[in-house]
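Listed below are the residues making up each chain.
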Amino acid sequence: MKAGVIAVQGDVAEHAAAVRNAAAAHDEPAEVVEVRDAGIVPDCDVLLMPGGESTTISRLVHREGIASEIREHVASGKPVLATCAGLIVCSRDAKDDRVDALGLVDASVDRNAFGRQKDSFEAKLPVTGLDEPFHAVFIRAPLIDEVGDDVEVLATVDGRPVAVRDGPVVATAFHPELTDDPRIHDLAFFPEREVVA
Ligand code: GLN
């Protein structure tokens, strides 16, 4: 499996480790490549959109010509895991002119919703498809405030979606790459073959 981590900005190394762990659990070798330029995404089987700063990530993926390649990747049904700022960039509407959202997840987001209340918090989160709750780390996290009919809500906090699946894209407001639990990466990349915790 060739996994591309969109590496223009954000927590890239942690995602690389998590995708390697998820693939190892399936005895699948994973080659992880960092994507900073156009021309790499078309060779990738799966993509990761890390957290970081969504305004920066948005600007750079468009400037480098990566944005259209990510759209084509999703249009051909290949998986993406987008986390935190990655969720914001992949959303339909980030309600911020500095984020040219890719529209890959039919959801609108409030960029710093949780961040304004508390900078970060952690929660034991029940997630659809996982047998045991997931230790979720939220850092200046966005809140999903509205989802389209075809979006499956996988987890909520206070009744608001924080993990969703829209076709081949799984997106989380929290950071699954910051724990050593690869189950969210597994859910995104091996949807038919999940490993029991
Ligand atoms: N709220 C941040 C943003 O708008 C994202 C924070 C994060 O990725 N941890 O980009």
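Residues numbered from 1 in each chain as written. Predicted model: local features only at pLDDT ≥ 70, side-chain atom pairs only at ≥ 80, totals over all residues. Heavy atoms only, no water.

The protein chain carries the name Pyridoxal 5'-phosphate synthase subunit PdxT in an unreviewed UniProt entry, which gives Halorubrum yunnanense as its organism. According to the UniProt record, the Sequence similarities (unreviewed entry) comment for the protein chain is "Belongs to the glutaminase PdxT/SNO family." UniProt's Function (unreviewed entry) comment on the protein chain is quoted here verbatim: "Catalyzes the hydrolysis of glutamine to glutamate and ammonia as part of the biosynthesis of pyridoxal 5'-phosphate. The resulting ammonia molecule is channeled to the active site of PdxS." (UniProt positions renumbered as here; feature names shortened; annotations may be inferred.)

Draft legend 1. How the structure looks around the sheet that holds strand E11 (residues 160-166). Spatially, the seven strands line up as an open sheet ordered E2-E1-E3-E4-E12-E11-E10, and their pairing is mixed. For this open sheet the edge positions go to strand E2 (31-35) and strand E10 (152-157), each flanked by a neighbour on one side alone. Strand-to-strand, the axes of this sheet are offset by a mean angle of 20 degrees, without reference to chain direction. Contacts from helix H1 (residues 12-24) reach strand E1 (2-6), E2, strand E3 (46-49) and strand E4 (80-83), with the element oriented near 160 degrees to E1. (Pairing = 2+ DSSP bridges. Helix = DSSP H or I, 4+ residues; strand = E, 2+ residues; numbered from the N terminus. Axes fitted to C-alpha atoms, helices over the stretch in contact; angles between N-to-C directions. Contact = heavy atoms within 4.5 Å.)

Draft legend 2. Expanded view of the UniProt feature "active site" (unreviewed entry) in the protein chain. Here the UniProt-annotated "active site" (unreviewed entry) positions come out as Cys-84, His-175 and Glu-177. These annotated residues cover 94 residues of sequence, and their C-alpha atoms lie no more than 10.8 Å from one another, placing them together at a single site. Within the secondary structure layout, Cys-84 lies in the loop between E4 and helix H4 (85-90). Residue Cys-84 is classed as buried on the basis of its relative accessible area, which comes to 5%. Among all residues touching Cys-84, those that are not within four sequence positions of it are Gly-51, Ile-139, Arg-140, Ala-141, Pro-142, Thr-172, Ala-173, Phe-174 and His-175. Structurally, the position occupied by His-175 is in the loop between strand E12 (169-172) and helix H6 (183-189). Judged by relative accessible area, His-175 falls into the buried class, the value being 5%. (Buried < 20%, exposed > 50% of the residue type's maximum accessible area, 1.4 Å probe, protein only.)

Draft legend 3. View of the packing of aromatic side chains. Inspection of the entire model under this criterion finds three aromatic pairs. A connected cluster of aromatic rings, assembled from ring pairs, spans Phe-121, Phe-134, Phe-138 and Phe-174. (Phe/Tyr/Trp six-rings, centres within 6.5 Å; stacked < 30°, edge-to-face > 60°.)

Draft legend 4. Focus on the sheet that holds strand E6 (residues 105-110). The strand order across the open sheet built from three strands is E5-E6-E9, with neighbouring strands paired in mixed fashion. Lying at the two open borders of the sheet, with one neighbouring strand each, are strand E5 (91-93) and strand E9 (143-147). Ignoring strand direction, the axes of neighbouring strands in this sheet form an average angle of 55 degrees. Looking at chain direction, E5 and E6 are connected through two bridges and run parallel. Counted as the bridge partner of Ser-91 is Val-105 from E6.

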